[in-house]
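As a plain string of letters, each chain reads:
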Amino acid sequence: MRHFTHISDLGVEGVSRILDRAVELKSEPRAGLFAGRILAMLFFNPSLRTRVSFETAMLRGGGHAIVLSPGQDSWKLEDRPGVKMDGDRPEHLREAIPVLSRYADALAVRSFAGLVDRDADERDGLLWHVRDLSTVALISMESAREHPCQGLADMLTIREHVGAISKTKLALTWAPHIKPLPLAVPHSFLLSAAACGADLTIAHPPGFDLHPAVLREAEEYTVRSGGMIRFTDNQSTACADADVVYAKSWGPVQLEHAPQLLAQHSDWLVTRALLESGSRPAQLMHCLPVRRNVEVSDDALDSPLSLVIEEAHNRYFVQAAILDWLLNGDDDD
Amino acid sequence: MRHFTHISDLGVEGVSRILDRAVELKSEPRAGLFAGRILAMLFFNPSLRTRVSFETAMLRGGGHAIVLSPGQDSWKLEDRPGVKMDGDRPEHLREAIPVLSRYADALAVRSFAGLVDRDADERDGLLWHVRDLSTVALISMESAREHPCQGLADMLTIREHVGAISKTKLALTWAPHIKPLPLAVPHSFLLSAAACGADLTIAHPPGFDLHPAVLREAEEYTVRSGGMIRFTDNQSTACADADVVYAKSWGPVQLEHAPQLLAQHSDWLVTRALLESGSRPAQLMHCLPVRRNVEVSDDALDSPLSLVIEEAHNRYFVQAAILDWLLNGDDDD
Amino acid sequence: MRHFTHISDLGVEGVSRILDRAVELKSEPRAGLFAGRILAMLFFNPSLRTRVSFETAMLRGGGHAIVLSPGQDSWKLEDRPGVKMDGDRPEHLREAIPVLSRYADALAVRSFAGLVDRDADERDGLLWHVRDLSTVALISMESAREHPCQGLADMLTIREHVGAISKTKLALTWAPHIKPLPLAVPHSFLLSAAACGADLTIAHPPGFDLHPAVLREAEEYTVRSGGMIRFTDNQSTACADADVVYAKSWGPVQLEHAPQLLAQHSDWLVTRALLESGSRPAQLMHCLPVRRNVEVSDDALDSPLSLVIEEAHNRYFVQAAILDWLLNGDDDD
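Just so you know, these numbers come straight off a predicted model, no measurement behind them.

This next bit is on the environment of Leu288(A). Residue position: Leu288(A) is located in the loop between strand E11 (283–285) and helix H12 (298–301). We classify Leu288(A) as buried; it has 21 C-beta atoms within 10 Å. Leave out the neighbours within four places in its chain, and Leu288(A) touches Arg49(A), Val308(A), Ala312(A), Glu95(C) and Val99(C).

As a packed pair, helix H3 (residues 93–103) of chain B and helix H2 (residues 49–60) of chain C sit with axes 10 Å apart at the nearest point and diverge in direction by 10°. Taken together, H3(B) and H2(C) sit at an angle that is classed as roughly parallel. For the pair H3(B) and H2(C), the contacting residues are Val99(B), Leu100(B) and Tyr103(B) in the first and Arg49(C), Val52(C), Ser53(C) and Thr56(C) in the second. Split by residue class, the contact of H3(B) with H2(C) holds 4 nonpolar, 2 polar and 1 charged.

With an RMSD of 0.0 Å, chain B superimposes on chain C once it is rotated by 120° and translated 0.0 Å along the axis. Both chain copies can therefore be described as sitting about a three-fold axis. Of every C-alpha in chain B, the one belonging to Gln72(B) sits nearest the axis of rotation, 5.1 Å from it.

Taken together, the 23 residues of chain A in the interface contact 26 residues of chain B. Listed by contribution, the elements that provide at least two residues to the side of chain A that touches chain B are strand E1 (38–43), strand E2 (64–68), strand E4 (91–92) and helix H3 (93–103) of chain A. It is H3(A) that contributes the most residues to the side of chain A that touches chain B, 7 residues altogether. Grouping the amino acids of the side of chain A that touches chain B by side-chain chemistry returns 12 nonpolar, 5 polar and 6 charged.

This part takes up the pairing of strand E7 (residues 169–174) of chain A. Side-chain direction in a regular strand flips from residue to residue, so the side chains alternate between the two faces of the sheet. All names here are of chain A. Summarising burial for E7: 5 of the 6 residues are buried, a large majority. Taken together, the 5 bridges between E7 and strand E8 (residues 199–203) define a ladder with parallel strand orientation. Bridge pairing links threonine 173 to alanine 203 in E8. In this sheet, strand E10 (residues 244–248) lies alongside E7 in parallel orientation, the contact comprising 5 bridges. Following the sheet pairing, leucine 170 is matched in E10 by valine 244.

Bringing unusual backbone geometry into the picture now. In this structure, Pro289(B) follows Leu288(B) across a cis peptide bond, with omega equal to 0°. With respect to the element layout, Pro289(B) can be found in the loop between strand E11 (283–285) and helix H12 (298–301). The backbone of Glu142(C) shows a phi angle near 115°, a positive value even though the residue is not glycine. Mapped onto the elements of the fold, Glu142(C) is located in the loop between strand E6 (137–140) and helix H6 (148–161).

What follows is about the domain arrangement of chain A. Interfaces are often sized by the accessible area lost when the parts come together. Residue and element names in this part refer to chain A. Taken domain by domain, chain A holds domain 1 (7–146 + 315–328) and domain 2 (150–311). Once you take the C-alpha centre of each, domain 1 and domain 2 turn out to be 25 Å apart. Domain 1 puts 23 residues into the contact, and the matching count from domain 2 is 27 residues. In terms of residue count, the dominant contributor to the side of domain 1 that touches domain 2 is helix H1 (residues 11–27) (5 residues).

Opposite the 23 residues of chain B that make contact, chain C presents 26 residues. Broken down by element, the side of chain B that touches chain C gets its largest block of residues, 7 residues, from H3(B). Class assignment for the residues of the side of chain B that touches chain C results in 12 nonpolar, 5 polar and 6 charged.

Residue and element names in this part refer to chain C. A sheet is described by the order of its strands in space; here 5 strands give the open sequence E9-E8-E7-E10-E11, paired in parallel fashion. Two strands in the sheet have a free side with no partner beyond their single neighbour: strand E9 (228–232) and strand E11 (283–285). Here the average twist between neighbouring strands, direction ignored, is 20°. Inspection of the sheet shows strand E10 (residues 244–248) paired to E11 by 3 bridges, in the parallel sense. Of the residues in E11, the one forming a bridge with valine 244 is glutamine 283.

Attention now goes to the sheet that holds E7(A). Residue and element names in this part refer to chain A. Judged by pairing direction, the sheet is parallel, and its 5 strands sit side by side in the order E9-E8-E7-E10-E11 without closing on themselves. The sheet terminates laterally at strand E9 (228–232) and E11, the two strands that pair on one side only. Across the sheet, the mean angle separating the axes of adjacent strands is 20° when strand polarity is ignored. Contacts from helix H7 (residues 184–195) reach E7, E8, E9 and E10, with the element oriented near 165° to E7.

Membership of the largest hydrophobic core comes to 350 residues, with the highest contact counts inside it found for Ala40(A), Met41(A), Ala40(B), Met41(B), Ala40(C) and Met41(C). Setting aside anything within four residues of it in sequence, one finds Ala40(B) in contact with Ile66(B), Leu68(B), Leu100(B), Tyr103(B), Ala104(B), Leu107(B) and Val52(C).

Next up on the list: helix H13 (residues 308–328) of chain A. Between its first and last C-alpha atoms H13(A) spans 30 Å; for 21 residues at 1.5 Å apiece the expected length is 30 Å, and the two agree. Downstream of H13(A) by a residue or two, Gly329(A) has a phi angle that is positive, lying close to 65°.

Regions with low pLDDT carry predicted coordinates that are not meant to be interpreted in detail. Taken as a whole, chain A shows an average pLDDT of 96; of its residues, 98% reach a score of 70 or greater. With a pTM of 0.96, the predicted complex shows an ipTM of 0.96.

On to the environment of Asp154(A), then. Residue and element names in this part refer to chain A. Relative to the helices and strands, aspartate 154 resides in helix H6 (residues 148–161). As for aspartate 154 and serine 192, which are separated by 38 residues in sequence, their C-alpha atoms are 8.3 Å apart. Each residue touching aspartate 154, except ones within four places of it in the same chain, is listed here: Phe189, Ser192, Tyr246, Met285 and Glu311.

Turning our eyes to something else, we now look at the pairing of strand E2 (residues 64–68) of chain B. All names here are of chain B. Where burial is concerned, most of E2 is hidden: 5 out of the 5 residues are buried. Two elements, strand E1 (residues 38–43) and E2, share 5 bridges in a ladder whose sense is parallel. Looking across to E2, one finds that isoleucine 38 is bridged to histidine 64. For the crossover from E1 across helix H2 (residues 49–60) to E2, the handedness is right-handed.

Relative to each other, H3(B) and helix H13 (residues 308–328) of chain C sit at 40°, their axes nearing to 9 Å. For the element pair H3(B) / H13(C), the angle class is oblique. Here H3(B) and H13(C) pass one another in a crossing that is right-handed. Contacts between H3(B) and H13(C) involve Glu95(B), Pro98(B), Val99(B), Arg102(B) and Tyr103(B) from the former and Val308(C), Ile309(C), Ala312(C), His313(C) and Tyr316(C) from the latter. Along the lines of polarity and charge, the residues of the contact of H3(B) with H13(C) split into 7 nonpolar, 1 polar and 2 charged.

The rules behind the values
- Residue numbers restart at each chain and count upward from 1, following the sequence in its written direction.
- Chains carry letters and ligands carry numbers; both start at the beginning, A for chains and 1 for ligands, and go up in the order they are written.
- A pLDDT threshold of at least 70 governs which residues receive local features in this predicted model, and a stricter bar of 80 or more applies before side-chain atom pairs are shown or counted, although totals over entire chains, interfaces and linings include all residues.
- Only runs of H or I of at least four residues qualify as helices and only runs of E of at least two qualify as strands under DSSP, and these elements are numbered from the N terminus.
- Any residue surrounded by 20 or more other C-beta atoms within 10 Å of its C-beta is treated as buried, while 12 or fewer makes it exposed and the intermediate range makes it partly exposed; C-beta atoms here are placed from the backbone.
- Contact definition: two residues whose C-beta atoms, as placed from backbone geometry, lie within 7 Å.
- Orientation is described by lines fitted to C-alpha atoms, with helices fitted over the stretch in contact, and by angles between N-to-C directions that extend from 0 to 180 degrees.
- Working rule for angles: under 35 degrees goes down as roughly parallel, over 145 as roughly antiparallel, 65 to 115 as roughly perpendicular, anything else as oblique.
- Residue polarity follows a fixed list, in which Ala, Val, Leu, Ile, Met, Phe, Trp, Tyr, Cys and Pro are nonpolar, Asp, Glu, Lys and Arg are charged, and the others, Gly among them, are polar.
- Least squares is used to superpose the copies, and the fit set is the C-alpha atoms of residues whose pLDDT is at least 70 in both copies.
- Any two strands are treated as partners once DSSP identifies two or more bridges connecting them.
- All the domain ranges listed were derived from an automatic or database domain assignment.
- To count as a nonpolar core, a set of buried Ala, Val, Leu, Ile, Met, Phe, Trp, Tyr and Cys residues must be joined through C-beta atoms within 7 Å.
- In this analysis, the expected span of each helix is defined as 1.5 Å times one less than the number of residues it contains.
- Per-residue confidence from the predictor is given as pLDDT, running between 0 and 100.
- For crossovers, right-handed means that the path from the first strand over the helix to the second runs clockwise, given strands pointing away from the viewer.
- Should the near helix be turned anticlockwise from the far one by less than a right angle, the crossing is termed left-handed; should it be turned clockwise, right-handed.

As structure tokens, this is what we get:
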């Protein structure tokens with residue numbers, strides 16, 4: 001049973017193979033790729049791009065997607081094992097996931113980080129629980145630890161609009177926000193870039209480190225891919241030297257002090273001036289949704305340097321390639 | 001105009017015919033069965049299995065389902081006749097149902113019991129109101145009185161996994177809960193089992209009787225089907241003698257005393273020990289969602305005796321057979 | 001790039017052409033009209049008819065519709081330009097609309113009037129903002145100023161069930177309500193009727209005038225269409241002389257005094273007696289949802305004079321014609 005919940009499901013070669021397939025599907029759409037197949041999508045958190053890009057990928061391939069929002073249009077779901085279920089969650093994952101596995105050809109799940117215990121978020125308990133219970137292919141549409149579809153769409157965008165990833169200098173810069181956000185997107189950018197052999201600099205204020213287990217995994221990928229990962233707390237130098245500036249906010253290590261820590265770094269706003277501060281202008285990426293003039297300024301987002309719309313569009317092609325790999329198999333794996 | 005809102009729409013012969021058709025469709029799926037047809041599903045209450053099993057049945061047959069949740073993604077609906085509509089419900093069933101009948105090929109409605117007046121719940125006023133107004137086939141996805149699709153899926157599961165229903169000893173046992181639940185599922189299990197000629201024992205604490213009008217209807221079916229219905233307030237003896245234990249909670253006759261009455265019987269929890277207390281182990285059924293360790297224990301649900309996932313899966317096949325009967329007709333009726 | 005957000009996108013000839021096409025599609029359904037096309041529908045306000053009629057039009061034409069409700073199943077959307085997005089709306093239209101334009105073949109948006117500033121509502125800022133940002137065909141499913149699909153469905157209904165619009169006397173009468181409603185529906189009825197050359201009388205209490213800019217636009221259409229528009233504050237005489245009475249509530253010019261102004265005119269309830277007060281009975285129309293016995297009495301809605309269900313049904317055919325014009329083009333335009 002194939003699943004795609006973490007970049008480790010693909011590894012260095014797998015990431016490259018999915019990106020190649022996405023490029024193929026972008027240039028030559030295949031109408032019947034998912035004919036008669038049904039993807040059940042389970043959203044514990046809201047979504048725009050993820051939902052619509054998956055749904056259109058299934059529909060344009062001749063298949064269908066069913067969108068479920070537990071607690072809104074279906075029952076709230078319990079996930080703790082062994083609990084006496086006398087609270088507000090009338091159904092357990094142990095029933096819901098096997099049942100959905102009987103109706104659908106694949107499942108996709110979105111569930112954000114708890115943002116209370118970083119180590120628990122890194123362990124991704126809910127997603128692994130679902131994965132253990134699913135008897136059909138499972139896709140993560142973002143979990144506490146990673147947003148792997150986003151990471152791959154980011155790499156496809158760089159490959160298409162900037163150039164070979166291994167020859168591109170990437171800067172992932174922390175950005176300000178009104179509240180602490182999950183680490184899933186920066187983790188996935190890091191892991192995907194490492195798997196693609198990128199030269200990546202990660203800039204963040206002190207105290208906003210990514211999770212060490214993810215850093216270790218990324219280092220392992222660079223051994224095979226030839227990539228490089230550097231860290232700095234100097235946003236200016238990181239961006240001045242970059243071909244691509246990837247802006248993203250995330251929460252601090254000390255989540256209990258998040259409000260004060262976030263308030264100290266509102267000057268990390270990513271602006272057009274920052275993009276143009278080096279010897280050549282850097283292109284702007286962001287996973288969206290973006291809080292304008294909090295994370296990234298209007299002048300950067302509305303400039304020709306912005307790739308954010310192309311990046312969102314590429315979610316569609318990458319996910320079509322992933323669905324193809326999961327539902328149709330291939331000869332290489 | 002055919003409808004399927006109550007077991008009485010099928011009667012003893014009709015129940016058997018639908019089950020036969022479900023078995024056929026399970027062994028030989030028919031891709032174009034609902035080609036170009038649209039089912040509009042109206043949920044006054046949330047759903048997981050019912051929604052997804054109907055939606056996938058339509059999709060895999062080449063048709064489509066549209067899911068509406070009045071008060072959430074569409075207008076709250078008034079159902080009282082003659083009322084001056086100056087409250088929070090801007091649209092009346094008298095418009096909504098005829099209009100939906102114009103757009104869709106069939107309607108499906110879910111509306112739970114009010115749980116204030118048992119006789120009013122038994123009369124199923126809202127559902128009959130919708131049925132009167134619909135100009136296309138109407139399906140009940142559970143109403144105050146019955147959940148007829150569930151009852152049929154239960155019988156299919158017994159037929160497949162236990163044996164000929166007429167030679168099987170069934171125990172429907174009341175189970176504890178944190179609040180009074182509707183009678184629709186036990187009513188439908190009773191009516192479907194009676195129509196199939198089952199030997200059924202219903203065990204519940206004193207004061208938790210099913211509705212007399214439904215009992216009378218079930219007795220009528222047994223005359224034609226050769227079935228048998230017994231009642232007891234002794235869960236142990238009922239289950240010890242059974243091939244199948246069907247666990248389900250429902251509210252007491254005196255709904256105003258529900259909290260106290262429910263609290264007295266938490267020892268009716270269905271456990272693996274109960275399933276294995278007789279000369280042969282009984283298989284476990286439940287319509288789901290199930291509150292683990294309140295209604296049924298983990299050790300029962302996680303044991304090989306549990307049929308609950310198969311039972312949910314069979315919702316799909318039974319509903320495909322019902323949709324086939326409603327939308328495509330047949331020669332027997 | 002064609003859009004359909006206002007009657008002015010069609011003009012006098014265009015309205016006639018869409019109605020002709022709707023008649024064609026009603027008599028000869030075309031199964032593959034939207035094969036493989038996807039319409040993304042964005043609801044800032046709830047809907048029943050609009051959603052289901054668009055969705056079924058796409059599905060029956062072989063296409064698909066994706067329904068999004070920002071703030072419910074996707075992110076709340078900011079629309080103000082240049083704002084620092086530190087509030088409760090994490091995504092801006094400037095990203096959401098271009099992204100959806102990449103995934104879908106057409107967009108449809110519903111957004112009601114603010115009902116604070118009539119001039120701002122008439123300017124329809126949000127809708128024009130979306131229109132500017134969309135890179136695919138945009139359809140209004142009702143905005144602050146107009147509900148143009150409704151206006152066209154109204155004209156189709158008159159043409160089919162009453163007779164040639166240019167030879168029909170129409171009365172648009174204000175009706176009572178529990179709260180001030182937007183002007184979009186009366187505006188669209190006025191503009192559509194004017195484009196079709198109708199003889200239209202608009203009856204409303206003093207202080208409930210439609211917006212002057214819309215009246216001017218309607219007058220311009222009558223020059224080409226040969227239509228006539230009259231105003232009165234006498235409901236009885238307007239309706240006694242009409243072939244069709246179109247009942248609809250809307251808010252007063254002085255929105256800050258809406259509660260008192262509305263309370264003064266509850267006797268504008270449209271009744272069967274009013275419909276039958278002239279030399280020949282008038283037929284009843286209403287866009288739905290209708291508050292029974294507040295806006296229109298039961299005896300009128302339940303009488304054979306009512307066209308409200310036919311009118312709702314015609315939403316489907318008009319919208320199929322509009323989608324055909326937008327997605328498939330034609331030779332005349």
